[in-house]
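Given next are the chains, with one letter for each unit.
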Amino acid sequence: MPVRIYMDANATTPLLPEVVEAMYPYWVENFGNASSIHQDGQKARQAVDAARHTLASFFNCSEAEVVFNSGGTEGDNTALFGLLRPGDHLITTSIEHSAVLQAAQRLALRGIEVSYVDPEPSGIITPESIGKAIRPETRLISMMLANNETGVLQPVQAVGRLATDHGIFFHIDAVQGAGKVQIDVKQIGCHLLSISAHKMHGPKGVGALYVRRGTPIEPLLVGGSHERRRRAGTENVPGIVGLGKAAELAMKSLADGTMDQVAALRDRLEKGILALPDTGLNGQLPDGTPVLRAANTTNIWFDNLEGEALVIALDLKGLAVSGGSACHSGATEPSHVLMAMGINKTRARASIRFSLLKTVTLEEVDRVLQIIPEAVAKLRSISPAMAGTLG
Ligand SMILES: *Cc1c(COP(=O)(O)O)cnc(C)c1O
């Protein structure tokens, strides 16, 4: 069996050893309930407090503005369901994660008007296009920081100014931006911002939502008075500790040049793949300049082959990547993100996302640059006309 190379970090990431080490005692020795007044409970409480302190510096907010939860889906749902009532208007975009899109669809059934703003062909949502969608009833703008499929970074700071000028609440799904770009909620001017530990080398099933002081958000879950009554349920102490450690290490990686190295390796990979004939980058300006993207992500189309077949061929050669399509109720649909960018169905289906872990090595990238040309050439020789007919 070949050594496995994992380039699907935007789906999930492994825990760094330091994260596992930090979490372990909170399952075993320090297993207390953070709400208990005895010493066992207090140890757990101190660990949650310490993680809250780290997250406050990660977001640049106060500790009271950090709400721990079960991850990105819950943060996104809390922002939308917690703030919107019948008669309100929501502005979001057509390239959001399904955690936002499905919540918006539900809200639309409950009398909330929803506008979906489309990106430019480059994958960027312009602040002007958001501005045009604003109405007197607009209560919330929800948009992502970095797109999970293309990595394209969105102009959230300009949208934050728009939201402030119009007195509109602003939520950011920062799940794919966290750990890849510096986050500063004050500078952005948002009210809500969601992150997830498992997309940044932390554990699955835990995340955090920044809630600006005074934001009138209704909790999704009620019960105990945990998280200042904003999210009921006994705290996932080991998970929260893991998120805290992952956030601490993410800040370090942004400061010490690790993420710049990841970007350089991503660029090397991208350049190597784009040297193949009949390939192109999803996420560039009309003149071919790549737009600003999360350091670890590139999304590339390969003409004259089926993306799904390439994902499987690469998997057999030891490389894990994702295709530009998703399986919804048994049918393979081309990516809604790539389609919204105006990319045709055939190319969207023939697109592959490479998303690097922050531990990626030069050897891995160079090995992948050996694997891909062989796999692509083989698929193209088997079925040269396939892609065209499957349109
Ligand atoms: C993964 C992801 C989510 C969902 O986060 P979970 O913690 O897996 O629920 C939301 N938004 C984006 C952009 C994501 O990539």
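Owing to the predicted nature of the structure, the values given are computational and were not obtained by experimental measurement.

S.K.: Which parts of the structure should I look at to understand the domain arrangement of the protein chain?
M.R.: Buried accessible area, meaning the area lost when the parts come together, often serves as the stated size of an interface. When its domains are assigned, the protein chain resolves into domain 1 (5–13 + 257–386) and domain 2 (17–253). Its C-alpha centre places domain 1 at a distance of 28 Å from the equivalent point of domain 2. Residue-level contacts link 27 residues of domain 1 with 31 residues of domain 2. Of the roughly 2,400 Å² buried between domain 1 and domain 2 on both sides combined, carbon and sulfur atoms contribute 54%. It is T13, M341 and K358 that lose the most area in domain 1 upon contact with domain 2, and together they represent 24% of the buried surface on that side. Summed over the shared surface of domain 1 and domain 2, the number is zero salt bridges. Seen at the junction of domain 1 and domain 2, the total is 18 residue pairs in polar contact (both at pLDDT 80 or more). Those elements giving two or more residues to the side of domain 1 that touches domain 2 turn out to be α10 (258–274), β10 (297–302) and α12 (336–340). Counting residues per element, the side of domain 1 that touches domain 2 draws most heavily on α12, which supplies four residues. When grouped by side-chain class, the residues that make up the side of domain 1 that touches domain 2 number 11 nonpolar, 13 polar and three charged.

S.K.: In this structure, what is going on with the pairing of strand β4 (residues 113–117)? I would like to understand it.
M.R.: Here is the key point about a regular strand: its side chains alternate between the two faces of the sheet. Where strand β3 (residues 89–93) meets β4, five bridges bridge the pair, whose relative direction is parallel. Counted as the bridge partner of I91 is S115 from β4. Handedness of the crossover joining β3 and β4 through helix α4 (residues 98–109): right-handed.

S.K.: So what exactly am I meant to see when it comes to the packing of aromatic side chains here?
M.R.: In this description, an aromatic ring pair is defined by two values, namely the gap between the centres and the angle between the planes. On inspection of all chains with the given rule, the structure shows two aromatic pairs. Aromatic side chains F58 and F59 sit 5.9 Å apart centroid to centroid with 70 degrees between the ring planes, which places their arrangement in the edge-to-face category. Relative accessible area serves as the criterion here: at 0%, F59 is assigned to the buried category. Members of the aromatic cluster, joined through ring pairs, are F58, F59 and Y210.

S.K.: Please clarify how the sheet that holds β4 should be interpreted in this entry.
M.R.: Strands in a sheet are paired, the pairing made by backbone hydrogen bonds, and the direction either parallel or antiparallel. The strand order β2-β8-β7-β6-β5-β3-β4 describes an open sheet built from seven strands, whose pairing is mixed. Both outer strands of the open sheet, β2 (66–69) and β4, are each paired with one neighbouring strand and no more. On average, adjacent strands in this sheet sit at an angle of 20 degrees to one another, irrespective of strand direction. The strands that helix α2 (residues 39–59) touches are β2, β7 (192–196) and β8 (207–211); relative to β2, the one it contacts most, it runs at about 120 degrees. Sitting on the sheet, helix α3 (residues 72–83) touches β2, β3, β5 (138–144), β6 (169–173), β7 and β8, and the angle it makes with β7 is about 160 degrees.

S.K.: Whenever I open this one, the site of the ligand confuses me. Can you help?
M.R.: If you check the shell around the ligand, you find 13 residues, and the closest are T73, D173, Q176, S196 and K199. A distance of 2.9 Å is found between an oxygen atom of the ligand and a backbone nitrogen or oxygen belonging to G72. Isolated, the ligand exposes 380 Å² of accessible area, and the fraction of that covered by the protein chains is 88%. Among the cavities detected, the one that contains the ligand is the largest pocket. Counting residues per element, the shell around the ligand draws most heavily on α3, at three residues.

How each quantity is defined
- The written sequence of each chain sets the order in which its residues are numbered from 1.
- With the structure being a predicted model, the display of local features is reserved for residues of pLDDT at least 70 and the display and counting of side-chain atom pairs for 80 or more, all residues being used for whole-chain, interface and lining totals.
- Water and hydrogen atoms play no part in the side-chain values, which are based on all heavy atoms of the structure.
- All domain edges in this entry derive from an automatic or database-based domain assignment.
- By the convention used here, residues are in contact when the closest approach between their heavy atoms is within 4.5 Å.
- Joining two parts hides part of their accessible area as seen by a 1.4 Å probe, and the buried area is that hidden amount summed over both.
- Any carboxyl oxygen of Asp or Glu within 4 Å of a side-chain nitrogen of Lys or Arg constitutes a salt bridge here.
- N or O atoms within 3.5 Å of each other form a polar contact, as long as, within protein, one can give a hydrogen and the other can take it, and as long as residues adjacent in sequence are counted only when both atoms are side-chain atoms.
- The numbering of helices and of strands both runs from the N terminus, where a helix is a DSSP run of H or I of at least 4 residues and a strand a run of E of at least 2.
- Three classes are used: nonpolar for Ala, Val, Leu, Ile, Met, Phe, Trp, Tyr, Cys and Pro, charged for Asp, Glu, Lys and Arg, and polar for all others, with Gly counted as polar.
- At least two DSSP bridges between two strands are required for those strands to pair.
- A clockwise course of the path from the first strand over the helix to the second, judged with the strands pointing away from the viewer, identifies a crossover as right-handed.
- Note on aromatic contacts: the rings of Phe and Tyr and the six-membered ring of Trp form a pair at centre separations within 6.5 Å, being stacked when their planes are under 30 degrees apart, edge-to-face when over 60 apart, and tilted otherwise.
- Burial classification: accessible surface area is computed with a 1.4 Å probe over protein chains only, and a residue below 20% of its type maximum counts as buried, one above 50% as exposed, and the rest as partly exposed.
- Angular values range over 0 to 180 degrees, each being the angle between N-to-C directions of two axes fitted as lines to C-alpha atoms, with helices fitted over their stretch in contact.
- Distances are taken per atom, and a residue is near a molecule or strand as soon as one of its heavy atoms is within 4 Å of it.
- Reported accessibility uses the Shrake-Rupley method at a 1.4 Å probe radius. Residues are deemed covered only where the shown protein chains occlude them.
- Cavity: a set of points on a 1 Å grid over the protein atoms alone where a 1.4 Å probe fits but cannot get out. Pocket: an open set with protein on both sides within 12 Å along at least five of seven lines, its lining residues, like those of a cavity, having an atom within 4 Å of a point.
- For a cavity or pocket, the test is whether more than half of a molecule's atoms lie within 2 Å of its grid points; if they do, the molecule sits there.

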